[in-house]
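Tertiary structure, described
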Amino acid sequence: MNPQSEIQVRILEKPEPIPYALLLLADPSLEMIDAYLQNAVIYIAELQKETIGVYVLFSTGPETAEIKNIAVEPVHQGKGVGKMLLEHAAQMAKASGCNTLLIGTADSSISQLSLYQKAGFKITGLKKDFFSHNYDQPIYENGVQCKDMVILSKGLNSSY
Ligand code: COA
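Residues numbered from 1 in each chain as written. Predicted model: local features only at pLDDT ≥ 70, side-chain atom pairs only at ≥ 80, totals over all residues. Heavy atoms only, no water.

**A few points about the sheet that holds strand E2 (residues 40-47)**
Read across the sheet, 7 strands follow the order E1-E2-E3-E4-E5-E9-E6 without closing on themselves; strand pairing throughout is mixed. Looking at the sheet topology across the chains shown, the edges are occupied by strand E1 (7-11) and strand E6 (122-127). Pairs of neighbouring strands in the sheet enclose a mean axial angle of 30°, with direction left out of account. The pairing of strand E4 (residues 64-72) with strand E5 (residues 100-106) spans 4 bridges and is parallel. Paired with alanine 65 across the bridge in E5 is leucine 101. Packing of helix H4 (residues 110-118) onto the sheet brings it into contact with E4, E5, E6 and strand E9 (149-155), and relative to E5 it is tilted by some 165°. (Pairing = 2+ DSSP bridges. Helix = DSSP H or I, 4+ residues; strand = E, 2+ residues; numbered from the N terminus. Axes fitted to C-alpha atoms, helices over the stretch in contact; angles between N-to-C directions. Contact = heavy atoms within 4.5 Å.)

**Description of the layout of surface pockets**
Quantified by volume, the largest pocket comes out at close to 1,000 Å³. Surrounding the largest pocket, 41 residues form its lining, Ala26, Ile70, Thr105, Gln112 and Tyr116 being those nearest its centre. Contributing elements (two or more residues each) for the lining of the largest pocket: helix H1 (20-26), helix H2 (30-37), E4, helix H3 (81-95), E5, H4, helix H5 (130-134) and strand E7 (140-141). It is E4 that provides the largest number of residues to the lining of the largest pocket, a total of 7 residues. Considering only residue class, the lining of the largest pocket consists of 23 nonpolar, 11 polar and 7 charged. Of the volumes computed, that of the second largest pocket is approximately 240 Å³. Mapped onto the lining of the second largest pocket, the elements with two or more residues apiece are H2 and E2. Of the residues forming the lining of the second largest pocket, the biggest block, 3 residues, is contributed by E2. (1 Å grid on protein atoms, 1.4 Å probe; cavity = no way out; pocket = protein on both sides within 12 Å on 5 of 7 lines; lining within 4 Å. Points joined across faces, edges and corners; volume = space filled by probe spheres on them. Nonpolar A, V, L, I, M, F, W, Y, C, P; charged D, E, K, R; others polar.)

**Section: unusual backbone geometry**
One non-glycine residue with positive phi stands out, namely aspartate 129, at about 60°. Its location among the elements puts aspartate 129 in the loop between E6 and H5. A relative accessible area of 27% means that aspartate 129 is categorised as partly exposed. Positive phi outside glycine occurs at asparagine 142, with the angle close to 50°. As for its placement among the helices and strands, asparagine 142 is situated in the loop between E7 and strand E8 (144-145). In this structure asparagine 142 comes out as exposed when scored by relative accessible area, which is 58%. (Buried < 20%, exposed > 50% of the residue type's maximum accessible area, 1.4 Å probe, protein only.)

Printed below as a string of structure tokens:
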């Protein structure tokens, strides 16, 4: 188990190097990553000054934010860091006045779909052919080609 109390999550400041290796674990397109980083806030999780996780929060409207990317270093996966980052993102989005947090994943991303639903997200939409249209190379996961993007939403107000 990671000593989660020792993990600090903070905003990555502009002059600091962008953790591309981590971001590329979640999104194979550097071009897509650079496009959404233009208008997003990068949060990093640090354990003893080592960056072990990242998420990217993007404002999609006055009351809606989207997690555009989330990744944890492979040696630290499966220990609750991803879940902690999802909770952190919900707190940050709520603190900035949002009532809904979105996250998208591939139709083939079985484990991510289960993680997000366990973290309180519900499937609310589908971007048809998102991966086949926006990525040069076909992406395969679990032996299945990623085609559509599944959109999941989490209400940030208790009355949602
Ligand atoms: N299969 C099934 N369940 C899984 C899973 C897997 N591969 N990985 C995590 N889970 C479940 C855990 O069992 C846990 O459930 P629990 O709270 O009931 O025990 C829950 O999801 C949280 O797991 P956690 O340990 O917090 O996840 P993580 O730290 O490994 O982070 C990712 C999850 C997806 C961020 C991480 O695996 C990762 O970086 N993957 C590569 C990049 C990626 O795919 N990003 C998302 C793109 S949409």
